[in-house]
Amino acid sequence: MRGRKPKPTAQQVAEGDPRKVGVHRLERRLEAEAKGSRGLPKCPPHLKGLARKAWRFWAEELAHMNLDCRPDALMLEGACIAYQAAIDAYETIQKQGPLVAKRILDPETNKLVVSNVKPHPAVAQGNAAWMLLKGFCSEFGLSPVSRPGSPSRNPMTARTS
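Residues numbered from 1 in each chain as written. Predicted model: local features only at pLDDT ≥ 70, side-chain atom pairs only at ≥ 80, totals over all residues. Heavy atoms only, no water.

A separate point is the packing of helix α3 (residues 49-64) against helix α4 (residues 73-96). What describes two packed helices is the angle between their axes and the distance between those same axes. Close contact between α3 and α4 brings their axes to 8 Å; oriented N to C, the two are set at 135°. As judged from the angle between their axes, α3 and α4 are oblique. Handedness of the α3/α4 crossing: right-handed. Every residue of α4 that contacts α3 at Gly49, Leu50, Ala51, Ala54, Trp55, Trp58, Ala59 and Leu62 is listed here: Ala73, Leu76, Glu77, Ala79, Cys80, Tyr83, Gln84 and Ile87. Split by residue class, the contact of α3 with α4 holds 13 nonpolar, two polar and one charged. (Axes fitted to C-alpha atoms, helices over the stretch in contact; angles between N-to-C directions. Helix = DSSP H or I, 4+ residues; strand = E, 2+ residues; numbered from the N terminus. Parallel < 35°, antiparallel > 145°, perpendicular 65-115°, else oblique. Left-handed = near helix turned anticlockwise from the far one by under 90°. Contact = heavy atoms within 4.5 Å. Nonpolar A, V, L, I, M, F, W, Y, C, P; charged D, E, K, R; others polar.)

Attention now moves to the packing of aromatic side chains. Using the criterion set out here, one finds two aromatic pairs in the structure. Summarising the aromatic geometry, the rings of tryptophan 58 and tyrosine 83 are spaced 6.1 Å apart at their centres and angled 70° between planes, so their arrangement reads as edge-to-face. With tryptophan 58 in helix α3 and tyrosine 83 in helix α4, this pair connects stretches of sequence that are 25 residues apart. Here tyrosine 83 falls in the partly exposed class, since its relative accessible area comes to 23%. Here tyrosine 83 and tryptophan 130 contribute two aromatic rings whose centre-to-centre distance is 6.3 Å and whose plane-to-plane angle is 80°, an arrangement assigned as edge-to-face. You can see tyrosine 83 sitting in helix α4 and its partner tryptophan 130 sitting in helix α5 (residues 121-140), a full 47 residues away along the chain. By the ring-pair criterion, three or more aromatic residues cluster together here, those being Trp58, Tyr83 and Trp130. (Phe/Tyr/Trp six-rings, centres within 6.5 Å; stacked < 30°, edge-to-face > 60°. Buried < 20%, exposed > 50% of the residue type's maximum accessible area, 1.4 Å probe, protein only.)

Per-chain confidence: the chain averages 83 in pLDDT, with 87% of residues scoring 70 or above. Looking across the chain, the model is least confident in helix α1 (residues 9-14), with a mean pLDDT of 71, and most confident in α4, with 96. (pLDDT = per-residue confidence, 0-100.)

Counting through the fold element by element, glutamate 77 comes out in helix α4. One buried charge, glutamate 77, has no salt-bridge partner; the nearest side chain with opposite charge is arginine 52, at 10 Å. Dropping the residues within four chain positions of it, glutamate 77 is found in contact with Pro44, His46, Leu47 and Trp55. (Lys, Arg positive; Asp, Glu negative; His and termini not counted. Salt bridge = Lys/Arg side-chain N within 4 Å of Asp/Glu carboxyl O.)

Have a look at this one:
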């Protein structure tokens, strides 16, 4: 890894050129950047349930934030699928519990006894899905830290306890 991700040029302009690159240079760089066509396509037909609801919600929010670009549709689809997978894993854990006990037959007492307790596989699947979703949200600016002008990004406006 090479360090922090570079900030988008539009974010640098919105923050008032904190790196002192020069406002005119930033504006020229912003004009030279490739721009995708605006507006997301309709929700893919294979997304069902929570994934479809997430698509509608995020598509509306991205449009409100002027971040709805057609080339990002596949990334948004991935975020919706990751959200659905995370919720499915959560519901499985709620039904079956976070631990799985392996039981074997004790030859002396002829009864089942617990021999090994492990985390439910859905725990790891859910954690992986949440991390994937976090990555997608970070790329779209849907997390508080990745949003331009966020108090958590700017130490001068952050609250101190």
